[in-house]
Amino acid sequence: LINRLAKKYNVIIFDCNNIDELNNPFNYAKYSNINLLVVEYNKIKVEEIQEQLPTKVTIIVADLSNEQRVKDLYVIAKKENVDVLINNAGLGDFGYLTDTDINKDLELINTNIKALHILTKYMVREMENKETDTYILNVASAAAFQPGPLMSTYYATKSYVYQLTEALYYEEKI
């Protein structure tokens, strides 16, 4: 995906901590003319990356488990004319389902499912009207394809990400 970005794009990235180093938008941005809008908990880490890039990097510190904040981020993305959405946000927890904290479970669901769903839905609507190429990359996990004892909520959310993204692919292909 990133290798296709030969012209100027505006890219929004949610959670840059786990992006594969070999296909990292930050690495590509070193050699191209793409602008990055990065949404992250850890502003210091992104600022360190920002210093190394010749391109515009806008950093937004946000809690993606907050629905209103997610909707606010969409407004920013729309204003910034984002062409590429890389949704890599995700929380996890470990323990028996009956033992994990329900509030942490709901925060995980809100981040891994609700935020992704809202942003994907709004961004698809926005991108359908563009004349340029647009892309959405929703990062799931190998967890999407199997049960996950002791991480059942996380595995279930990643299955949702995979299924939603596959369904969207076919809907947009029609």
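For clarity, every value in this text was computed on a predicted model and none was experimentally measured. (Residues numbered from 1 in each chain as written. Predicted model: local features only at pLDDT ≥ 70, side-chain atom pairs only at ≥ 80, totals over all residues. Heavy atoms only, no water.)

### Re the overall build of the protein
This is how it is decided: Here a helix means four or more residues in a row that DSSP labels H or I, a strand means two or more in a row labelled E, and each is numbered from the N terminus. By definition in these notes, contact holds between two residues if any of their heavy atoms fall within 4.5 Å.
A count of helices and strands for the protein gives five helices and five strands. Helices and strands appear in the protein in the N-to-C order β-α-β-α-β-α-β-α-β-α. Looking at the protein alone, contacts between residues at least 24 apart form 59% of all its contacts between residues at least 6 apart.

### With respect to unusual backbone geometry
Short version of the rule: Think of it in three bands: with a 1.4 Å probe and only protein chains considered, a residue is buried below 20% of the maximum accessible area for its type, exposed above 50%, and partly exposed in between.
Positive phi, normally seen in glycine, also occurs at Asn-81, with a value near 55°. Assignment of secondary structure puts Asn-81 in the loop between helix H3 (67-79) and strand E4 (84-87). Judged by its relative accessible area of 42%, Asn-81 is partly exposed.

### Remarks on the nonpolar core
Going by this rule: Nonpolar core, defined: a set of buried Ala, Val, Leu, Ile, Met, Phe, Trp, Tyr and Cys residues in which side-chain atoms within 4.5 Å join the residues together.
Formed by 17 residues in total, the largest nonpolar core has its most connected members in Val-39, Ile-60, Leu-64, Val-70, Leu-73 and Met-123. For this core, the secondary-structure elements that each account for two or more residues are strand E2 (35-40), H3 and helix H4 (102-128). The leading source of residues in this core is H4, at five residues. Of all hydrophobic cores here, the second largest spans twelve residues; its members include Ile-34, Ile-49, Leu-53 and Ile-86.

### Focus: the pairing of E4
The condition is simple: Pairing between strands is defined by DSSP: at least two bridges between the two strands are required. The crossover handedness rule: strands pointing away from the viewer, path from first strand over the helix to second strand clockwise, crossover right-handed.
Of the two faces of E4, the one holding Val-84 and Ile-86 and the one holding Leu-85 and Asn-87 are both buried throughout. Of the pairings in the sheet, the one linking E4 to strand E5 (residues 135-138) comprises four bridges and is parallel in character. Each bridged residue has a counterpart across the sheet, and for Ile-86 the counterpart in E5 is Leu-137. Crossover handedness for the path E4 to H4 to E5: right-handed.

### Remarks on the side chain of Thr-100
Counting through the fold element by element, Thr-100 comes out in the loop between E4 and H4. Aside from chain neighbours lying at most four places away, what touches Thr-100 is Asp-93, Phe-94, Gly-95 and Asp-105.

### Description of the side chain of Asp-83
For clarity, the threshold we go by: Polar contact is defined as a pair of N or O atoms within 3.5 Å, subject to the rule that within protein one atom must be able to donate a hydrogen and the other to accept it, and that residues adjacent in sequence are counted only when both atoms are side-chain atoms.
Along the polypeptide, Asp-83 turns up in the loop between H3 and E4. The exposure class assigned to Asp-83 is buried, which follows from its relative accessible area of 7%. A distance of 3.4 Å separates a polar atom in the side chain of Asp-83 from a polar atom in the side chain of Thr-132.

### Points about the pattern of salt bridges
Worth spelling out the cut-off: Salt bridge criterion: a side-chain nitrogen from Lys or Arg within 4 Å of a carboxyl oxygen from Asp or Glu.
If you walk through the whole model with that rule in mind, you get four salt bridges. Lys-71 is the partner of Glu-67 in a salt bridge, and the nearest nitrogen-oxygen pair spans 3.0 Å. Taken together, the positions of Glu-67 and Lys-71, both in helix H3 and four residues apart, correspond to about one turn of that helix. Take Glu-67: its relative accessible area is 34%, and that puts it in the partly exposed class. Lys-71 sits in the partly exposed class, given a relative accessible area of 28%. Two residues, Glu-67 and Lys-114, come together in a salt bridge whose shortest N-O distance is 2.9 Å. Of this pair, Glu-67 sits in helix H3 while Lys-114 sits in helix H4, placing them 47 residues apart in sequence. Given the relative accessible area of 35%, Lys-114 is considered partly exposed. Ionic contacts of the salt-bridge type, sharing partners, join the residues Glu-67, Lys-71 and Lys-114 into one network.

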